[in-house]
Amino acid sequence: MTYLHNIGAYFLMIAEMFRKPTKWSVMKQLILKDIDDLIIGSLGIVAFIAFFVGGVVTIQTALNISNPLIPKYLVGFATRQSIVLEFAPTFISIIMAGKVGSFITSSIGTMRVTEQIDALEVMGINSLNYLVFPKFIALMLYPFVISIAMFLGILGGMAACVYGGFSSLEDYITGIQTDFIPFHITYAFIKTFVFAIALATIPSFHGYYMKGGALEVGKASTTSFVWTSVVIILLNYLLTQMLLSQ
């Protein structure tokens, strides 16, 4: 019953988030601050991870293609498919659930503990709109982060492939271009957009409705990471089944 209650409370929170909006002059500043914290602040770690994991995917693929009859360009092909379809949208989203999700939960949870949310309610401000809506809008730019991860993942693969001597640059680029299906990019961005909604709302829910003191803020951050990851994995399965299975 607790799970059903939490699911119901979660959807009621999302509905409440759009009611009684904060005036635009205030909201604009909140949105810009959250874009800086959640999107710009995540570019460094995303770029670092994407580049090196792209390189690792390429090396693993190249080392497992030992048959001389298999063309070398398949290294580039396999790297592209891995990064565009799964690594960039899903793997980076799990990492972001840890970085962005725990930040959102701890910041809102601390406001709950220190009674700042109660103060907002007393002033007649819709605290959900004031706190959660800017994060929701900021994370609509999340596909931009994933596009950078895709580019750097393929670039990292190219660097590992060429400098590791696994195949030539021409073979790698041929592999990237072979059997390219534009819908795979669309599929990746649809997934990313849905994951962004989960990344903005699930940690906010755990922070907003937490009870207790400073210790519970830490527990809420851990719980929000676990549930955000679980939801992302389930959504990944459902979206792949709906969008790619013909």
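Residues numbered from 1 in each chain as written. Predicted model: local features only at pLDDT ≥ 70, side-chain atom pairs only at ≥ 80, totals over all residues. Heavy atoms only, no water.

As recorded in an unreviewed UniProt entry, the protein goes by the name Phospholipid/cholesterol/gamma-HCH transport system permease protein, listed as coming from Flaviramulus basaltis.

Draft legend 1. Focus on the overall build of the protein. When helices and strands are counted, the protein shows 11 helices and zero strands. Seen through its principal axes, the protein has C-alpha atoms that stretch 70 × 35 × 35 Å. Long-range contacts, defined as pairs at least 24 residues apart, comprise 86% of the intrachain contacts of the protein with a sequence gap of at least 6. As displayed, the protein offers around 12500 Å² of accessible surface, 71% of which is attributable to carbon and sulfur atoms. (Helix = DSSP H or I, 4+ residues; strand = E, 2+ residues; numbered from the N terminus. Contact = heavy atoms within 4.5 Å. Areas by Shrake-Rupley, 256 points an atom, 1.4 Å probe, with all protein chains shown as cover.)

Draft legend 2. Summary view of the side chain of threonine 22. Mapped onto the elements of the fold, threonine 22 is located in the loop between helix H1 (2-17) and helix H2 (24-39). If we skip the residues at most four places from it in the chain, threonine 22 touches Met27, Ile125, Asn129 and Tyr130.

Draft legend 3. Representation of the UniProt feature "transmembrane region" (unreviewed entry) in the protein. UniProt tags residues 38-63, 83-104, 136-164, 185-205 and 225-244 as "transmembrane region" (unreviewed entry). For the annotated span residues 83-104, helix accounts for 100% and strand for 0% of the residues, and the straight-line distance between the end C-alpha atoms is 27 Å. Span residues 185-205 is 100% helix and 0% strand, its end C-alpha atoms 30 Å apart. (UniProt positions renumbered as here; feature names shortened; annotations may be inferred.)

Draft legend 4. Quick look at the packing of aromatic side chains. Scanning the model with the defined rule gives 11 aromatic pairs in all. Note on phenylalanine 133 and phenylalanine 136: the rings are 6.5 Å apart at their centroids and 20° apart in plane angle, and the pair reads as stacked. Of this pair, phenylalanine 133 and phenylalanine 136 both sit in helix H7 (residues 133-138), three residues apart, which is roughly one turn of that helix. By relative accessible area, phenylalanine 136 is classed as buried at 13%. (Phe/Tyr/Trp six-rings, centres within 6.5 Å; stacked < 30°, edge-to-face > 60°. Buried < 20%, exposed > 50% of the residue type's maximum accessible area, 1.4 Å probe, protein only.)

Draft legend 5. Broad picture of the packing of helix H4 (residues 74-113) against helix H10 (residues 182-208). One can describe the packing of H4 onto H10 by two numbers: an axis separation of 8 Å at closest approach and a directional angle of 20°. Judged by the inter-axis angle, H4 sits roughly parallel to H10. Note that H4 runs across H10; the crossing there is right-handed. By residue class, the composition of the contact of H4 with H10 is 15 nonpolar, 11 polar and three charged. (Axes fitted to C-alpha atoms, helices over the stretch in contact; angles between N-to-C directions. Parallel < 35°, antiparallel > 145°, perpendicular 65-115°, else oblique. Left-handed = near helix turned anticlockwise from the far one by under 90°. Nonpolar A, V, L, I, M, F, W, Y, C, P; charged D, E, K, R; others polar.)

Draft legend 6. How the structure looks around the packing of helix H3 (residues 43-64) against helix H8 (residues 142-163). Where H3 meets H8, the closest approach of the two axes is 7 Å, and the angle between their N-to-C directions is 40°. Relative to H8, the element H3 lies oblique. In the crossing of H3 with H8, the sense of the turn from one axis to the other is right-handed. In this structure, H3 uses Leu43, Val46, Ala47, Ala50, Phe51, Gly54, Gly55, Thr58 and Ile59 to contact H8, whose residues at the interface are Phe144, Val145, Ile148, Ala149, Leu152, Gly153, Leu155, Gly156, Gly157, Ala159, Ala160 and Cys161. Each residue belonging to the contact of H3 with H8 can be placed in one class, and the counts come to 15 nonpolar, six polar and no charged.

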